[in-house]
Amino acid sequence: MTQTITNRIAGAAVRAAGRDTTPVFNPASGEEIARVVNSGASEIDDAVDAARNALGEWAAMPALKRARFMFRFKQLLDEHADDLAREISREHGKTHDDALGEVQRGIEVVDFACGIPALLKGSYSRNIAPALDSYSDRQPLGVVAGITPFNFPAMVPMWMYPIAIACGNTFILKPSERDPSAPTFAWELFQQADFPDGVLNVVHGGKQAVDAILDHRGIAAVSFVGSTPVAEYVFARGTAQGKRVQALGGAKNHMIVMPDADMDQASDALMGAAFGSAGERCMAVSVAVPVGGDTADRLVENLVPRIQALKIGPSTDAQAQMGPLITRQHLEKVTGHIEKGVAEGADLKVDGRGVSMQGYEDGFFIGGSLFDHVTTDMSIYREEIFGPVLSVARAGTYDEAVAMINAHEFANGTAIFTRDGDAARDFAERIEVGMVGINVPIPVPAASHSFGGWKRSLFGDYAVYGPEGVNFYTRLKTVSARWPAGIRSGAEFTFPSLE
Ligand code: NAD
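It should be emphasised that the depicted structure is a prediction, and the values quoted were computed from it without experimental measurement. (Residues numbered from 1 in each chain as written. Predicted model: local features only at pLDDT ≥ 70, side-chain atom pairs only at ≥ 80, totals over all residues. Heavy atoms only, no water.)

Applying the stated criterion across every chain yields a total of three cavities of 30 Å³ or more. A volume near 120 Å³ is recorded for the largest cavity. Considering the residues around the largest cavity, the lining is formed by 15 residues, among which Gly 279, Arg 281, Ala 284, Ser 286 and Phe 386 are closest to the centre. Here the lining of the largest cavity is built from residues that sort into eight nonpolar, four polar and three charged. Counted as a void, the second largest cavity has a volume near 50 Å³. If you tally residues by element for the lining of the second largest cavity, the top one is helix α4 (residues 96–114), at three residues. The residue inventory of the lining of the second largest cavity, partitioned by class, reads eight nonpolar, no polar and two charged. (1 Å grid on protein atoms, 1.4 Å probe; cavity = no way out; pocket = protein on both sides within 12 Å on 5 of 7 lines; lining within 4 Å. Points joined across faces, edges and corners; volume = space filled by probe spheres on them. Nonpolar A, V, L, I, M, F, W, Y, C, P; charged D, E, K, R; others polar. Helix = DSSP H or I, 4+ residues; strand = E, 2+ residues; numbered from the N terminus.)

Structural data, given as structure tokens:
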């Protein structure tokens with residue numbers, strides 16, 4: 001009998017009695033390996049109750065004491081990084097090293113969360129007016145929730161809950177239903193770190209669970225990461241319910257290759273950025289923009305053999321550079337995009353369709369694909385494919401390349417490869433994208449900065465983690481205090497001045 005992955009509420013695994021379930025697959029073999037409970041409003045009610053019960057004590061606890069729990073959690077994550085990576089790969093399909101990289105970037109946010117007391121310390125002004133002292137600090141929001149995508153089942157939740165919890169909130173996580181085991185395993189480690197029950201709760205499911213979170217009056221804020229249509233929906237419905245919402249969406253990340261770039265370095269960078277994790281990264285580069293015909297020809301010439309030599313395999317194959325896609329439906333969707341690209345007249349230089357892996361014939365594998373002469377009116381240019389498909393969109397000049405990127409509706413990440421400092425500086429200034437790499441193909445900001453795109457890649461006013469994450473999960477309070485010795489006698493009816 002396949003295992004059923006159930007909710008974790010108030011410190012315990014909840015029995016899934018009577019709930020329908022969704023299958024979870026091993027994408028390398030195509031087999032159903034588990035089922036995950038499909039929660040609805042009553043499970044969200046239970047999770048909010050648990051989070052509320054834990055809130056008073058947790059929010060009142062000195063920030064330093066809260067941070068000590070976080071230190072223990074970080075230590076357990078370090079010790080179990082390998083196990084967590086295996087949980088990720090089994091259901092997601094990414095290679096073990098890639099999964100370990102994901103865990104590492106998640107741990108960095110936990111590391112940052114350990115230092116949050118310093119960011120909560122506020123500011124104080126003595127005698128800001130005669131005998132008047134004033135101080136400001138940031139206080140937690142209450143019960144907050146996170147809704148996360150399949151592509152980083154451990155890291156993206158860790159962009160959220162360590163920050164929220166270190167700030168004094170209690171948390172409900174609704175992970176992706178496609179790979180629910182890794183965030184559940186991380187919850188086990190969290191509990192082992194001795195956090196009070198109910199500080200972190202995990203509720204599994206899909207749209208029904210998301211809607212119940214958005215509509216629940218007891219939840220003060222929602223962080224979302226996923227596709228743009230759902231991000232937009234979550235933002236609209238959540239804010240209509242009076243919640244603070246940050247909703248990160250999809251991407252179409254371009255990388256400019258300047259004529260002076262080291263072509264081998266640029267080609268290697270593109271290989272990792274376009275095909276790592278089978279292109280299922282919101283920071284994957286899916287469009288290369290070489291400047292000038294000669295640059296484009298040299299780039300394509302370099303990329304073709306590299307893509308043909310890509311080693312595809314299950315996560316258990318230490319030689320594999322790229323695993324399968326997440327589901328059969330997603331494989332069909334990516335294949336459909338390639339068909340459309342051909343029909344629209346793009347030049348398919350490498351065709352990754354129809355890959356069959358011996359022993360894994362039912363897996364959701366596809367090889368790397370390369371399109372040349374892609375134009376901005378084509379659907380493969382406009383839409384997010386979220387698979388191992390790289391488009392080359394040639395630009396005549398650097399200005400044309402910049403204009404192309406600035407005209408795209410998505411604006412998550414971008415990069416430029418060049419030796420020219422002036423071009424790089426101009427690019428960083430003029431490009432209308434949230435995260436920019438200069439000779440860095442995947443510019444995911446460090447945990448002490450914050451992650452977020454512009455335009456239709458982020459709905460809301462706050463990026464995630466780092467200082468913006470702290471601001472998102474807290475609200476400012478300013479206290480003005482005067483004591484009897486400083487109070488002037490008599491009623492004052494003019495607007496209070498600071499004189
Ligand atoms: P998705 O939008 O399908 O799902 C994300 C979450 O929303 C899941 O928890 C899912 O259960 C829920 N959901 C799905 N459909 C819903 C609906 N109709 N109503 C309410 N909730 C719904 O995304 P995905 O396929 O899991 O992840 C891939 C997407 O996430 C890509 O578009 C990728 O670019 C994006 N992503 C963005 C970032 C970023 O930082 N901007 C990071 C990672 C992934």
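Having put the structure on the table, let's press on.
This next bit is on the site of the ligand. Taken together, the neighbourhood of the ligand is formed by 28 residues, with Lys 174, Glu 177, Ser 227, Gly 249 and Glu 384 sitting nearest. The separation between an oxygen atom of the ligand and a polar main-chain atom of Phe 150 is 3.0 Å. In a pocket analysis with a 2 Å cut-off to the grid points, the ligand is assigned to the largest pocket. Those elements that provide at least two residues to the shell around the ligand are α8 (207–215), β11 (221–225) and α9 (228–240). Residues of the shell around the ligand, tallied by class, amount to 14 nonpolar, 10 polar and four charged. Counting residues domain by domain, the shell around the ligand receives three or more from each of domain 1 (3–249 + 457–479) and domain 2 (253–438). (Near = heavy atom within 4 Å. Polar contact = N/O pair within 3.5 Å; in protein donor to acceptor, adjacent residues only side chain to side chain. Sits in = over half its atoms within 2 Å of the grid points. Domains from an automatic or database assignment.)

This brings us to the packing of aromatic side chains. By the definition in use, this model includes 18 aromatic pairs. Between Phe 73 and Tyr 161, the aromatic rings sit 6.2 Å apart at their centres with planes inclined by 40°, giving tilted as the arrangement. With Phe 73 in helix α2 (residues 63–79) and Tyr 161 in helix α6 (residues 155–166), the pair connects residues that are 88 residues apart, well separated along the chain. Judged by centre distance (6.2 Å) and plane angle (45°), the rings of Phe 451 and Tyr 465 are tilted. Placement of Phe 451 in the loop between β20 (435–438) and β21 (454–455) and of Tyr 465 in the loop between β22 (458–459) and α16 (466–472) is noted, with a sequence separation of 14 residues between them. Accessibility assignment for this pair places Phe 451 and Tyr 465 in one class, buried. Feature note: the residues Trp 58, Phe 69, Phe 73, Tyr 161, Phe 171, Phe 190 and Phe 195 constitute an aromatic cluster, connected by ring pairs. Arg 72 extends its terminal NZ or CZ atom over the ring of Phe 69, reaching a point 4.9 Å from the ring centre. (Phe/Tyr/Trp six-rings, centres within 6.5 Å; stacked < 30°, edge-to-face > 60°. Buried < 20%, exposed > 50% of the residue type's maximum accessible area, 1.4 Å probe, protein only. Lys NZ or Arg CZ within 6 Å of the ring centre and 35° of its normal.)

This paragraph deals with the pattern of salt bridges. What the rule picks out here adds up to 28 salt bridges. With its nearest N and O atoms 3.1 Å apart, the salt bridge here joins Asp 211 to Lys 207. With Asp 211 and Lys 207 both in helix α8 and four residues apart, the pair spans about one turn of that helix. On the accessibility criterion, Lys 207 (53% relative accessible area) is exposed. Among the charged side chains, a network of salt bridges with common partners joins Lys 207, Asp 211, Asp 215 and Arg 237. (Salt bridge = Lys/Arg side-chain N within 4 Å of Asp/Glu carboxyl O.)

With that settled, the discussion passes to the sheet that holds strand β5 (residues 31–37). Strand order in the open sheet formed by three strands is β1-β5-β4, with mixed pairing between adjacent strands. The open sheet has two free edges, formed respectively by β1 (3–5) and β4 (21–26), since each of these has just one partner strand. Strand after strand, the sheet turns through a mean of 40° between neighbouring axes, direction not considered. Bridging between β1 and β5 involves three bridges; their strand directions are parallel. Residue pairing for β5: Thr 4 is matched across the bridge by Arg 35. Against the sheet, helix α3 (residues 81–92) makes contact with β1, β4 and β5, and its axis sits at roughly 100° relative to β4, the strand it touches most. (Pairing = 2+ DSSP bridges. Axes fitted to C-alpha atoms, helices over the stretch in contact; angles between N-to-C directions. Contact = heavy atoms within 4.5 Å.)

Positive phi outside glycine occurs at Asn 127, with the angle close to 55°. Checked against the element boundaries, Asn 127 lands in strand β6 (residues 123–129). Of note in the backbone geometry, Ala 278 takes a positive phi value of approximately 55° without being a glycine.

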